[in-house]
Amino acid sequence: MNPISTLKGIAHDVLKAPFTLAGTATRLARSVIGTNKAESVPPGPEVEVSPDRPVNVTEELGLDPSPVAKPKRPRKQPAKPVTSIDAEADPSEVDVTPADVADAVSHRPPRPTDG
């Protein structure tokens, strides 16, 4: 018997073992679910189907028509300035952005501008 063939066979069996175990566990779980499912599942609601009349599935099944949370209102900006610096600032005179300040503080070269 060739030792390399023996090692290959052992390696193959070792690698195959987890998949065999997983397959067995899956089949077992499916069989358990299949037997319990038939006994414990209540019948669904009776729905009258007509090709001429559209069906509102939400209404028929008694579901919440809007299960998504309603969007929050946007926050109101403060009417008066928060600090004395804000009170003295003139927005029409501003030509520096927070990104420019970050570049200056970190000693990076300035970012290219669009204009």
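Residues numbered from 1 in each chain as written. Predicted model: local features only at pLDDT ≥ 70, side-chain atom pairs only at ≥ 80, totals over all residues. Heavy atoms only, no water.

### Topic: the overall build of the protein
In step 1: Of regular secondary structure, the protein possesses four helices and zero strands.
In step 2: Counting the 115 residues in the protein, one finds 1% classified as buried.
In step 3: Put simply, the protein shows about 11400 Å² of open surface, and 62% of that area lies on carbon and sulfur atoms. (Helix = DSSP H or I, 4+ residues; strand = E, 2+ residues; numbered from the N terminus. Buried < 20%, exposed > 50% of the residue type's maximum accessible area, 1.4 Å probe, protein only. Areas by Shrake-Rupley, 256 points an atom, 1.4 Å probe, with all protein chains shown as cover.)

### Digging into a nonpolar patch on the surface
In step 1: On the surface, V55, V57, L61 and L63 cluster together into a nonpolar patch covering about 330 Å² of accessible area.
In step 2: With respect to the helices and strands, the residue V57 is situated in helix 2 (residues 57–61). (Patch = residues over 30% accessible without salt bridge, like charges linked within 9 Å, V, L, I, M, F, W, Y side chains within 5 Å. Salt bridge = Lys/Arg side-chain N within 4 Å of Asp/Glu carboxyl O.)

### Structural notes on a negative patch on the surface
In step 1: Taken together, D90, E93, D95 and D100 make up a surface patch of like negative charges.
In step 2: Residue position: D95 is located in the loop between helix 3 (84–88) and helix 4 (98–106).
In step 3: For D95, a relative accessible area of 66% gives the class exposed. (Lys, Arg positive; Asp, Glu negative; His and termini not counted. Charge placed at Lys NZ, Arg CZ, Asp CG, Glu CD.)

### Let's talk about the confidence of the model for the protein
In step 1: This prediction gives the protein a mean pLDDT of 75; 78% of its residues lie at or above 70.
In step 2: In the model of the protein, helix 4 stands out as the element of lowest mean pLDDT, 76, in contrast to helix 1 (residues 3–40), which has the highest, 79. (pLDDT = per-residue confidence, 0-100.)

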